[in-house]
Amino acid sequence: MKGSVILFNDDNEMTIIEDVEETVYENIKEQVGTDRCVVTLNNQTVDLGYVSPVYWREGKIHTD
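What you see is a predicted model; the values in this text were computed from it and never measured.

Strand order in the open sheet formed by 3 strands is β2-β1-β5, with antiparallel pairing between adjacent strands. Two strands lie at the open edges of the sheet, namely β2 (14-21) and β5 (54-58), each paired on one side alone. The average undirected angle you get between the axes of adjacent strands in this sheet is 25°. Sheet topology places strand β1 (residues 2-8) next to β5; 5 bridges connect them, and they run antiparallel. Its bridge partner being in β5, L7 is matched across the sheet by V54.

The rules we used
Sequence order as written defines residue numbering, which begins from 1 separately in each chain. Whole-chain, interface and lining totals are the exception, using all residues; otherwise, since this is a predicted model, local features are given only for residues with pLDDT of at least 70 and side-chain atom pairs are given and counted only at 80 or more. By convention in this description, side-chain values take in all heavy atoms of the structure and omit both hydrogens and water. At least two DSSP bridges between two strands are required for those strands to pair. Counting from the N terminus, the helices are DSSP H or I runs at least four residues long and the strands are E runs at least two residues long. Structural elements are reduced to axes, namely lines fitted to C-alpha atoms, with helices fitted over the stretch in contact, and the angle between N-to-C directions of any two is expressed from 0 to 180 degrees.

As structure tokens, then:
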């Protein structure tokens, strides 16, 4: 199942990543609160830095 991940860094800046497998979300969730959250997105290793909190939403997020 794919969905969108909504995450916040230590400055409360929000990042939305769409079309993410739920297993990637679970991986991010396990790393919440650590200094470096490292995951694989689109066959590339990505360092998201500090992440807390993180949320999951099925499907895409529509913004205007």
